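Examining the three-dimensional arrangement
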Amino acid sequence: SPFISDALVILGVAGIVIPLFARLRITPVIGFILVGVLVGPFGLGRMVPQAPWLTWFTITDPQGLEPFAEFGITLLLFTIGLELSFNRLWTMRRLVFGLGALEMASIALLLGGLLMLMGQPWTGALGLGLALALSSTALVLPIAGTQTPVGRAALAMLLFEDIALVPIVFLLGALGGGGIGGLVATIWQGLLVVVAMMVIGRFALPLLFAQAARTKSPELFLAATLLVVIGASLATSLVGLSPIVGA
């Protein structure tokens, strides 16, 4: 089965990359990216027709692994969320809405201006500039961390980008001249789901995890955690938002 073969390649790579890069004191994220390029369909995977034995060491069906990759990112963002609190976000408000807004606006305007000079209309240049100004939380935070001054600044900028996603989507829909009604529905439904999750998280989750903890069963506690993560991700995805928002 290509799926089982690819899963074995990924697990084998993880077993090599994580201890090796930990010994070198380099984040494993960089190792995974480099090895992914090497064993992916555009690396050694291209040579499989000439050397079939490479099937055992390459990724042959990346599309089949996409759901698991997305779920891994969802769990990563959930782990990052565990380190946050509303009090901490409030104390970081100057970094989030000051530094974060300045970073995103300056990069978006710079890229948009360059694209306009290359012949793009201003609407397309603005849309591409905003899209390219966004960063990958799943890549940046494991590298920068959240405890150092650089990590806190990176976290603030990424938080602002996450908050700015909804108005950006609304703006792009307005610039495109269609689908505004659907975007408005997504926004109010998304806000309703987020508020509901905050209320449920405040009152129901402590009871759920208290019951799981009383059993003194790590398996049950893990199952309850996965239930919460998957349920929250499904709730936000059903209203048109990213599963990562729920996590």
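This structure is a prediction, so every number in the text was calculated from the model and none was measured.

The next thing to look at is the side chain of Thr 58. Take Thr 58: it is sitting in the loop between α2 (28-39) and α3 (62-82). Within the structure, the side chain of Thr 58 is placed 2.9 Å from the backbone oxygen of Leu 54, a separation counted as a polar contact. Once you skip the residues sitting within four places of it in the chain, Thr 58 turns out to touch Asp 6, Val 9, Val 39, Leu 44, Gly 45 and Val 48.

A few words now on the nonpolar core. The biggest cluster of nonpolar side chains holds 16 residues, and the ones touching the most others in it are Val 96 and Met 104. Of all elements in the fold, only α3, α5 (93-117), α6 (122-133) and α8 (149-176) reach the threshold of two or more residues within this core. Counting residues per element, this core draws most heavily on α8, at 7 residues. When near neighbours in sequence (up to four residues on either side) are disregarded, Met 104 contacts Leu 130, Ala 133, Leu 134, Phe 160, Glu 161, Ala 164 and Ile 168.

This part is about the environment of Leu 126. Counting through the fold element by element, Leu 126 comes out in helix α6. The exposure class of Leu 126 is partly exposed, given its relative accessible area of 25%. Sequence spacing of Leu 126 and Ile 200 is 74 residues, and the spatial spacing of their C-alpha atoms is 38 Å.

At a minimum axis separation of 9 Å, helix α1 (residues 2-23) and α2 run at an interaxial angle of 140°. Considering their axes alone, α1 and α2 lie oblique with respect to each other. In this structure, α1 meets α2 at a crossing whose hand is right-handed. Two secondary-structure elements touch here, α1 through Val 9, Val 13, Ala 14, Val 17, Ile 18 and Phe 21 and α2 through Pro 28, Ile 30, Gly 31, Phe 32, Val 35 and Val 39.

Even without being glycine, Lys 216 reaches a positive phi, approximately 55°. Examined against the element boundaries, Lys 216 turns out to sit in the loop between α10 (205-214) and α11 (218-238). Looking at Lys 216, the relative accessible area reads 74%, which means it is exposed.

Here the focus is a nonpolar patch on the surface. A cluster of nonpolar side chains, contributed by Ile 16, Leu 20, Leu 24, Ile 26, Ile 30, Leu 34 and Ile 143, occupies part of the molecular surface with about 640 Å² of accessible area. Elements supplying a minimum of two residues to the nonpolar patch: α1 and α2. Structurally, Leu 20 is set in helix α1. The exposure class assigned to Leu 20 is partly exposed, which follows from its relative accessible area of 43%.

Take the packing of α10 against α11 next. Two elements in contact, α10 and α11, have axes separated by 8 Å at closest approach and are oriented at 160°. By the angle class used here, α10 and α11 are roughly antiparallel. Considering only the axes of α10 and α11, their crossing is right-handed. Facing Leu 205, Leu 208, Phe 209, Ala 212 and Ala 213 of α10, the residues of α11 in contact are Leu 220, Phe 221, Ala 224, Thr 225 and Val 228. A class-by-class count of the residues in the contact of α10 with α11 yields 9 nonpolar, 1 polar and no charged.

Definitions and limits used
- Residues numbered from 1 in each chain as written.
- Predicted model: local features only at pLDDT ≥ 70, side-chain atom pairs only at ≥ 80, totals over all residues.
- Heavy atoms only, no water.
- Helix = DSSP H or I, 4+ residues; strand = E, 2+ residues; numbered from the N terminus.
- Polar contact = N/O pair within 3.5 Å; in protein donor to acceptor, adjacent residues only side chain to side chain.
- Contact = heavy atoms within 4.5 Å.
- Core = buried A, V, L, I, M, F, W, Y, C linked by side-chain atoms within 4.5 Å.
- Buried < 20%, exposed > 50% of the residue type's maximum accessible area, 1.4 Å probe, protein only.
- Axes fitted to C-alpha atoms, helices over the stretch in contact; angles between N-to-C directions.
- Parallel < 35°, antiparallel > 145°, perpendicular 65-115°, else oblique.
- Left-handed = near helix turned anticlockwise from the far one by under 90°.
- Patch = residues over 30% accessible without salt bridge, like charges linked within 9 Å, V, L, I, M, F, W, Y side chains within 5 Å.
- Areas by Shrake-Rupley, 256 points an atom, 1.4 Å probe, with all protein chains shown as cover.
- Salt bridge = Lys/Arg side-chain N within 4 Å of Asp/Glu carboxyl O.
- Nonpolar A, V, L, I, M, F, W, Y, C, P; charged D, E, K, R; others polar.

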